[in-house]
Amino acid sequence: MRGALGGPGVLLRRLREVMAAPVSPQERLDRLVVLIAGNLVAEVCSVYVLLEDGSLELYATEGLNREAVHLTRMRADEGLVGLIASEAEPVALSDAQSHPAFSYRPETGEEIYHSFLGVPILRGGAVMGVLVIQNRASRLYNEEEIETLQTTAMIMAEMIAAGGLKSLAPPGSMIGLDRPIHGVGVKLADGVGLGYAVLHEPRVAITNLIAENPAREVKRLEAAIAEMRTAIDELIERGDVAHTGEHRDVLETFRMFAHDQGWLRRMREVVMTGLTAEAAVERVQSDTRAKMLRQTDPYLRERLHDLDDLANRLLRTLMGKANGVAHEKLPENAILIARSMGPAALLDYDRVRLRGLILEEGGPTSHIAIVARALGIPAVGEIVNATALIQSGDAVIVDGQAGEVQIRPQPDVENAYKDKARLRARKQEQYRKLKDLPAVTKDGVEINLQINAGLLVDMHSLDETAAAGIGLFRTELQFMVAQHMPTTTEQQALYGAVLKAAQGRPVVFRTLDIGGDKVLPYMERVEEENPALGWRAIRIGLDKPRLLRGQIRAMLRAGAGQDMRIMLPMVATVDEFLRARFIVRRELAMMEKQERPAPTNLELGVMVEVPSLLFELAEISREADFLSIGTNDLMQFLFAADRENRRVSERFDPLCVAALRALRTIVEAAGEAGCPVSVCGEMGGKPLETMALIGLGYRSFSMSAASFGPVKAMLRALDVRKLRERMDWMLASSDGASSLRSQLSALATELKVPV
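Rules and cut-offs
Residues numbered from 1 in each chain as written. Predicted model: local features only at pLDDT ≥ 70, side-chain atom pairs only at ≥ 80, totals over all residues. Heavy atoms only, no water. Helix = DSSP H or I, 4+ residues; strand = E, 2+ residues; numbered from the N terminus. Contact = heavy atoms within 4.5 Å. Areas by Shrake-Rupley, 256 points an atom, 1.4 Å probe, with all protein chains shown as cover. Buried < 20%, exposed > 50% of the residue type's maximum accessible area, 1.4 Å probe, protein only. Axes fitted to C-alpha atoms, helices over the stretch in contact; angles between N-to-C directions. Parallel < 35°, antiparallel > 145°, perpendicular 65-115°, else oblique. Nonpolar A, V, L, I, M, F, W, Y, C, P; charged D, E, K, R; others polar. Pairing = 2+ DSSP bridges. Left-handed = near helix turned anticlockwise from the far one by under 90°. Right-handed = clockwise from strand over helix to strand, strands pointing away. Arc of directions from axis to C-beta. Salt bridge = Lys/Arg side-chain N within 4 Å of Asp/Glu carboxyl O.

1. Thoughts on the overall build of the chain
Point 1. When helices and strands are tallied, the chain shows 26 helices and 22 strands.
Point 2. When contacts within the chain are restricted to residue pairs at least 6 apart in sequence, long-range pairs at least 24 apart make up 67% of them.
Point 3. Carbon and sulfur atoms form 51% of the exposed surface of the chain, whose accessible area is close to 32,100 Å².

2. Some thoughts on helix α23 (residues 687-696)
Point 1. Among the ten residues of α23, ten are classified as buried, and the element is accordingly described as predominantly covered.
Point 2. When α23 is considered as a whole, its buried residues turn out to be Pro687, Leu688, Glu689, Thr690, Met691, Ala692, Leu693, Ile694, Gly695 and Leu696.
Point 3. Within two residues after α23, glycine 697 carries a phi angle of roughly 120 degrees, on the positive side.

3. Digging into the packing of helix α4 (residues 143-161) against helix α8 (residues 277-292)
Point 1. At their nearest, the axes of α4 and α8 sit 11 Å apart, and the two run at 100 degrees to each other. Relative to α8, α4 is oriented roughly perpendicular. Between α4 and α8, the contacting residues are Glu147, Gln150, Thr151 and Met154 on the first element and Ala279, Glu282, Arg283 and Asp287 on the second.
Point 2. When the residues that make up the contact of α4 with α8 are grouped by side-chain class, the tally is two nonpolar, two polar and four charged.

4. A few points about the sheet that holds strand β1 (residues 44-50)
Adjacent strands of a sheet pair through backbone hydrogen bonds, lying either parallel or antiparallel.
Point 1. Sheet architecture is open: six strands sit in the order β3-β2-β1-β6-β5-β4, paired in antiparallel fashion. The open sheet has two free edges, formed respectively by β3 (73-74) and β4 (91-93), since each of these has just one partner strand.
Point 2. Sheet topology places strand β5 (residues 115-123) next to strand β6 (residues 126-135); nine bridges connect them, and they run antiparallel. Following the sheet pairing, phenylalanine 116 is matched in β6 by glutamine 134.
Point 3. Packing of helix α2 (residues 25-39) onto the sheet brings it into contact with β1, β2 (56-62) and β6, and relative to β2 it is tilted by some 65 degrees.

5. Remarks on the packing of helix α25 (residues 720-732) against helix α26 (residues 741-750)
Point 1. In contact at an axis separation of 12 Å, α25 and α26 are set at 160 degrees when each is read in the N-to-C sense. The orientation of α25 relative to α26 falls into the category roughly antiparallel. Crossing hand, α25 versus α26: right-handed. Here α25 contributes Leu723, Arg726, Met727 and Met730 to the contact with α26, which in turn contributes Gln743, Leu744, Leu747 and Glu750.
Point 2. Tallied by class, residues from the contact of α25 with α26 come to five nonpolar, one polar and two charged.

6. Regarding the pairing of strand β10 (residues 334-338)
Point 1. When you tally the buried positions in β10, you get five out of five residues, the bulk of the element.
Point 2. Taking every second residue as pointing to the same face, both faces of β10 are buried, with Ala334, Leu336 and Ala338 on one and Ile335 and Ile337 on the other.

7. Concerning the pairing of strand β20 (residues 626-629)
Point 1. Of the two faces of β20, the one lined by Phe626 and Ser628 and the one lined by Leu627 and Ile629 are each fully buried.
Point 2. Bridge analysis of strand β19 (residues 601-608) against β20 gives four bridges, and the strand direction is parallel. Following the sheet pairing, valine 608 is matched in β20 by isoleucine 629.
Point 3. Once the chain exits β19 it traverses helix α20 (residues 617-623) before rejoining the sheet at β20, and the crossover so formed is right-handed.
Point 4. By the bridge criterion, three bridges tie β20 to strand β21 (residues 677-679) in an arrangement that is parallel. Among the inter-strand pairings, leucine 627 is bridged to a residue of β21, identified as valine 677.

8. Describing helix α7 (residues 261-271)
Point 1. Burial in α7 covers these residues: Trp263, Leu264, Met267, Val270 and Val271. Looking straight down α7, one finds that the buried residues subtend no more than 125 degrees of arc, so they occupy a single side.

9. Notes on the environment of leucine 188
Point 1. Here leucine 188 is to be found in strand β8 (residues 186-189).
Point 2. Between the alpha carbons of leucine 188 and isoleucine 368 there is a distance of 8.6 Å; along the sequence they are 180 residues apart.
Point 3. The residues touching leucine 188, leaving out its near neighbours within four places in the chain, are Leu359, Gly362, Gly363, Pro364, Ala369, Arg373, Ala379, Val380 and Gly381.

10. Notes on the pattern of salt bridges
Point 1. Applying the stated criterion to the full structure yields 39 salt bridges.
Point 2. Between glutamate 147 and arginine 266 there is a salt bridge whose closest N-O contact spans 3.0 Å. With glutamate 147 in helix α4 and arginine 266 in helix α7, the pair connects residues that are 119 residues apart, well separated along the chain.
Point 3. Of the residues examined, arginine 266 reaches a relative accessible area of 24% and is grouped as partly exposed.
Point 4. As a salt-bridge pair, arginine 581 and glutamate 623 come within 3.1 Å of each other at their nearest N and O atoms. In this pair, arginine 581 is assigned in helix α19 (residues 574-593) and glutamate 623 in helix α20, connecting sequence segments 42 residues apart.
Point 5. The partly exposed category is assigned to glutamate 623, whose relative accessible area is 30%.
Point 6. Via salt bridges that share partners, Arg75, Asp77, Glu78, Arg105 and Glu107 belong to a single interconnected network.

From the geometry alone we can't say anything about function, so treat these as descriptive.
Here's what the structure looks like:
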């Protein structure tokens with residue numbers, strides 16, 4: 001006999017009765033496995049629960065030896081149960097013992113059972129356990145049985161997530177979403193933050209899982225999908241959404257998935273197993289998420305995010321909740337959790353209460369990382385499935401220095417991080433004591449230290465660090481956080497406010513550096529094979545002179561009566577600089593003609609970040625008023641290694657001989673021409689790298705405010721003469737070593753320089 005006795009609806013209704021019964025957790029589990037076995041005509045039904053150490057423990061069984069309950073345990077990669085947990089896919093076999101993954105456990109007495117069906121217990125794509133049925137006879141389980149068991153597993157997942165099995169966990173251990181998790185991701189912003197999780201897009205809480213009337217639930221589902229489709233169509237066609245660009249691309253993707261008949265059919269099938277429309281959406285998306293999280297294809301992973309957004313939209317439509325982000329009141333120590341975020345969204349939160357940021361996406365050079373560093377918020381990116389693994393209110397630790405997160409940490413781990421935070425605070429206090437001391441090396445060499453900025457909120461760091469000025473003001477951040485193209489008046493207001501906050505200290509404004517990975521939602525998006533090498537920065541400015549003229553005009557007006565410094569990014573040839581300078585001079589001539597006040601002194605500089613410029617250094621040093629090295633792009637172009645690609649981004653060390661020789665060539669050529677040169681990339685904000693750059697001859701650096709103290713402490717202990725002698729020898733006598741990092745670290749130790 002095959003199939004479920006009385007159908008899946010009967011099973012789910014009886015499951016609900018068992019779940020509501022006033023019994024102990026173990027008795028509830030024992031009743032559930034008996035009920036499932038009887039309904040699915042199985043001789044065995046077993047529940048395995050995933051523990052915090054990654055093992056799977058037998059928690060209940062009908063048919064196997066009951067003495068094995070809480071004794072049988074296997075690794076997550078062991079046996080058929082481990083295979084299901086690791087792959088997050090059902091396994092149905094007519095002869096389980098012939099499968100290569102089969103693992104015999106004599107204490108269970110399962111050797112007499114041949115057919116096997118196991119499904120993962122999933123919630124939000126995260127595996128919480130495995131549900132298994134078995135029979136003595138060799139047989140194939142049909143689709144209805146597999147579907148019914150998966151639906152039953154979803155009910156169990158909610159029970160585990162709600163803490164229904166807490167009391168059954170082994171001493172000192174935890175299960176389900178209570179278990180501590182250590183995640184390793186990518187460092188976005190330095191610092192250590194301890195607090196409680198706040199989801200940027202909170203999960204829609206589904207309280208009613210089991211349907212009273214499946215036919216009515218199908219109608220609700222279809223009505224909600226129709227409503228959602230109409231809303232997306234209207235949003236696309238509305239005049240306030242650009243007809244091209246990223247927003248429209250995203251919405252068109254929504255529309256494509258929203259009209260996918262396979263997606264609708266899958267949810268309809270799940271509803272007919274006895275779940276409500278909301279539970280069906282959650283179930284289908286959890287299954288999809290579990291599968292796609294195990295994919296390595298970046299395109300498929302990106303589609304997962306589209307489906308997540310669409311499922312959340314549909315759930316909110318079904319439950320009558322407004323779509324969009326719910327900005328709840330933050331707790332005192334909030335750790336923000338998000339799949340991805342734009343910089344504007346982060347700025348909407350109360351900075352005073354925010355202690356950290358965890359993202360499923362986002363690299364160290366992403367927009368959100370730049371803003372997090374500017375705000376001094378510890379941040380870690382690329383934590384897989386973070387939004388499903390972390391619940392609102394969970395205790396969370398963000399270690400931006402190591403690129404690690406601790407979710408629901410044990411007390412000893414939490415205490416260790418508290419000690420780390422206190423140690424960091426003491427170091428910061430030591431750095432603050434250096435604030436009023438000059439940035440001069442041990443042997444009297446003056447070093448100019450400035451900070452990077454991009455928002456008005458960054459300006460307070462000038463006084464906190466006593467920096468000499470702003471060596472790089474990223475003007476594109478204003479464009480990225482705005483809902484529309486900032487007008488010349490709006491730009492002028494920002495630049496004027498920045499100059500006022502600087503109180504006479506120099507500010508270097510970089511013209512718009514967009515394109516590549518920096519796409520403005522209200523501008524046309526250009527699809528390119530290699531965006532980093534494509535239409536970006538000054539190339540856009542020269543091709544769209546109206547855009548560049550408007551920004552230059554705003555800068556010149558804001559700097560009226562003051563010294564003004566403007567820097568051009570991504571310049572590849574001297575000719576590009578000359579063309580841009582012509583536009584600047586024409587704007588100055590226009591101001592003079594209109595009798596508008598102009599800057600008292602204007603300097604126009606160049607970002608050296610394209611290797612081709614290294615072969616025109618003499619010419620560009622004569623034409624430009626100053627040079628600034630953008631080490632981030634210069635290194636990725638020099639080694640043809642995409643800095644956003646983790647497979648190659650750390651393959652080449654900026655302290656290798658080739659990179660250091662290139663950097664020495666720049667500083668020497670600038671020196672011969674009498675052209676000031678500084679470093680404003682990430683390399684200039686790391687003590688060991690900055691030490692090497694000083695050894696090459698650099699005397700001016702701009703960095704994040706957080707890097708200021710460590711770099712200043714390093715240079716005040718440095719003897720430049722000894723460093724220069726040793727570095728000249730290292731670069732001249734290189735024996736093919738790919739990096740000088742270890743030699744430079746040893747030299748820092750010898751000279752007692754803190755790096």
